[in-house]
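Survey of secondary and tertiary structure
This is what each chain is made of:
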Amino acid sequence: LALMRDRSKTRVKKFLYGIFALGWTGSARQWHNYEKAYLVLSGLCTLLVFTVSSIVGMDFATAQIAGWHETIFPFYFVAGAVTCGFGMVLVLLIPLRKWCHLEDIITMAHIDKICKMLLLMGCIMGYIYVVEFFIAWYSGNPYDAWVFGHRMFGHQYWYGGWIMILINASLPQLLWIKKVRQNLLLVFIIAVLVNIGMWFERFTIIVGSLYQDFLPANWGVFYPTWVDAGVFLGTLGTFFMLYLLFVRFLPMIPVSEVKAVTPQANPHFPQGGAKGVKP
C-alpha cells in the first residue's frame, strides 16, 4: 500500500492509499514491530479458526435433536471449515493465476501442496462420516438410526446425503494421482464441487435433521422460496464483488513477502552470487 501511495500520480489516489498505508515508511523500527505483530496475529487467527468452528459444533451438539446430538461435531465443523477453505482457495487462485499472469509467483508447487491438503481433509471427512453412521448404529438409539438411514435412503433429502459423501469424501481421492493435481482444469472442477458438497453437508445437517423431529406438529418439507434463493445469490454476488474490487484496487500478492524470498534478500547470497556459489 505504501508503494502504491508513493507511485500514485493523482492526489486522490495518493491520499486514499496514504490512509490505508498507515504512515508506513519502511524503517527498521516499523519492520520490527510488523514482524512481531504478524506472528501474533497469525497465531490468533489460527486459534480463531478452531475456536469459532468448534463452538458452532458444540452449539449443535448440546441440542437433543437426533442428528445434532453428537460429540464429534466440534471436530467435524473444524474439519469442514478447513476443507471448504482449501477448496475456495483453489477456486479463487486458479483463475487469478491465469488472468493476471502470476505463473511465476503462484507456481504449480503451491497448487500441488494445496491439493494435497484438500486430499488430506477429504480423507478426514470420510472418516467422520463413517464414525457418524457407526455411532448411530452402535448406540442403539432408534431416533439416530432413523435420521441417518433417511439421509441415504429416505424419501426426502436422500440426495443431500449422497452428494455429501460422494463429493466431500470420495471425489478428493482423485488427487492421489499426480497428473490430476497438475491439471488445473480438473483441480478447479474438483474444488468447485467440493464447495458445493460442503454446502449440501450443511443443508443435510440442518434441514435433514429438522424436517421430522420429536414433535409431529413440527414436521414439514422445506421448499426454498424466491427470498431464500435471492439471499443466497446475493451473498455470493456480494462476496465476489468485494473480491474483484480488492483485486482491482489493492495488491493481490504481498510485495514484501515476494521480495523476502528472492536471492537478493539473503545477506549471504548477494546479487550475482558469492565466490564459488552459483547464483
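Per-chain numbering applies: the sequence of each chain, read as written, is numbered from 1 onward. Reporting of local features is limited, given that this is a predicted model, to residues whose pLDDT is at least 70; pairs of side-chain atoms are given and counted only at 80 or more, and all residues count toward the totals for whole chains, interfaces and linings. To obtain the side-chain values, all non-hydrogen atoms of the structure were included, while hydrogens and water were left out.

This paragraph deals with the packing of aromatic side chains. Centres within 6.5 Å are what make two rings of Phe, Tyr or Trp a pair, Trp counting through its six-membered ring; a difference in plane orientation under 30 degrees is then read as stacked, over 60 as edge-to-face, and the rest as tilted. Within this structure, the stated rule accounts for 29 aromatic pairs. Between the aromatic rings of phenylalanine 73 and phenylalanine 77, the centroid separation amounts to 5.2 Å while the plane-to-plane angle is 50°, which identifies the pairing as tilted. Taken as a pair, phenylalanine 73 and phenylalanine 77 lie in helix α4 (residues 73–99) at a separation of 4 residues, close to a single helical turn. Taken individually, phenylalanine 73 and phenylalanine 77 each receive the classification buried, so the pair is uniform in this respect. Pairwise contacts between aromatic rings join Trp146, Tyr157, Trp158, Tyr159, Trp199, Phe200, Phe203, Tyr211 and Phe232 into one cluster. In this description a helix means any DSSP run of H or I spanning at least four residues, a strand means any run of E spanning at least two, and both kinds are numbered starting from the N terminus. The buried label applies to any residue whose accessible area, calculated with a 1.4 Å probe on protein chains only, is under 20% of its type's maximum; exposed applies above 50%, and partly exposed to all values in between.

This paragraph deals with the packing of helix α7 (residues 158–170) against helix α9 (residues 184–210). Two measures define how a pair of helices packs: the angle their axes make with one another and the distance between the axes. For every element, the axis is a line fit to its C-alpha atoms; helices are fit only across the contacting stretch, and the angle between N-to-C directions ranges from 0 to 180 degrees. Here α7 crosses α9 at 140°, and the two axes come no closer than 8 Å. By the angle class used here, α7 and α9 are oblique. Relative to α9, the crossing made by α7 is left-handed. Residues Tyr159, Gly160, Gly161, Ile163, Met164, Ile167 and Asn168 of α7 lie in contact with α9, whose contacting residues are Leu193, Val194, Gly197, Met198, Phe200, Glu201, Phe203 and Thr204. Orientation is classified from the angle alone, with under 35 degrees giving roughly parallel, over 145 giving roughly antiparallel, 65 to 115 giving roughly perpendicular, and any other angle giving oblique. In this scheme the handedness of a crossing depends on how the near helix is turned from the far one: anticlockwise by less than a right angle means left-handed, clockwise means right-handed. Contacts: residue pairs with any heavy atoms within 4.5 Å of one another.

Time to look at the confidence of the model for the chain. Per residue, pLDDT captures the predictor's confidence, and it can take any value from 0 to 100. Looking at the chain as a whole, the pLDDT averages 87, with 95% of positions reaching at least 70. Put simply, helix α11 (residues 255–260) is where the chain has its lowest mean pLDDT, 80, and helix α10 (residues 226–249) is where it has its highest, 93. Low pLDDT, under 50, characterises residues 272–276; the stretch is placed with 2 contacts to residues that sit more than four places away or in other chains.

As a further point, take the pattern of salt bridges. Note on definitions: salt bridges are taken to be side-chain nitrogens of Lys or Arg within 4 Å of carboxyl oxygens of Asp or Glu. Under the criterion given, the structure shown has 5 salt bridges. A salt bridge links aspartate 6 to arginine 5, with the shortest nitrogen-to-oxygen separation between them at 3.0 Å. Classification of arginine 5 as buried rests on a relative accessible area of 16%. Arginine 202 is paired through a salt bridge with glutamate 201; the nearest N and O atoms lie 3.0 Å apart.

Time to look at empty space enclosed by the protein. Only protein atoms enter the 1 Å grid used here. Points where a 1.4 Å probe fits but cannot escape make up a cavity, open sets with protein on both sides within 12 Å along at least five of seven lines make up a pocket, and a residue lines them when an atom lies within 4 Å of a point. Grid points are joined across faces, edges and corners, and a volume is the space filled by probe spheres set on the points. Applying the stated criterion to the full structure yields 1 cavity of 30 Å³ or more. Roughly 40 Å³ of internal volume is contained in the largest cavity. Those elements that provide at least two residues to the lining of the largest cavity are α6 (142–153) and α9. Taken together, the residues of the lining of the largest cavity sort by class into 2 nonpolar, 4 polar and 1 charged. Side-chain classes are defined by residue name, with Ala, Val, Leu, Ile, Met, Phe, Trp, Tyr, Cys and Pro counting as nonpolar, Asp, Glu, Lys and Arg as charged, and the others, Gly among them, as polar.

If you check the backbone angles, leucine 22 has positive phi at about 55° while not being a glycine. Structurally, leucine 22 is set in the loop between α2 (11–21) and α3 (28–61). Under the relative-accessibility criterion, leucine 22 is labelled exposed at 75%. Here the phi dihedral of histidine 101 falls at roughly 55°; this positive angle occurs in a residue that is not glycine. Structurally, histidine 101 can be placed in the loop between α4 and α5 (108–138).

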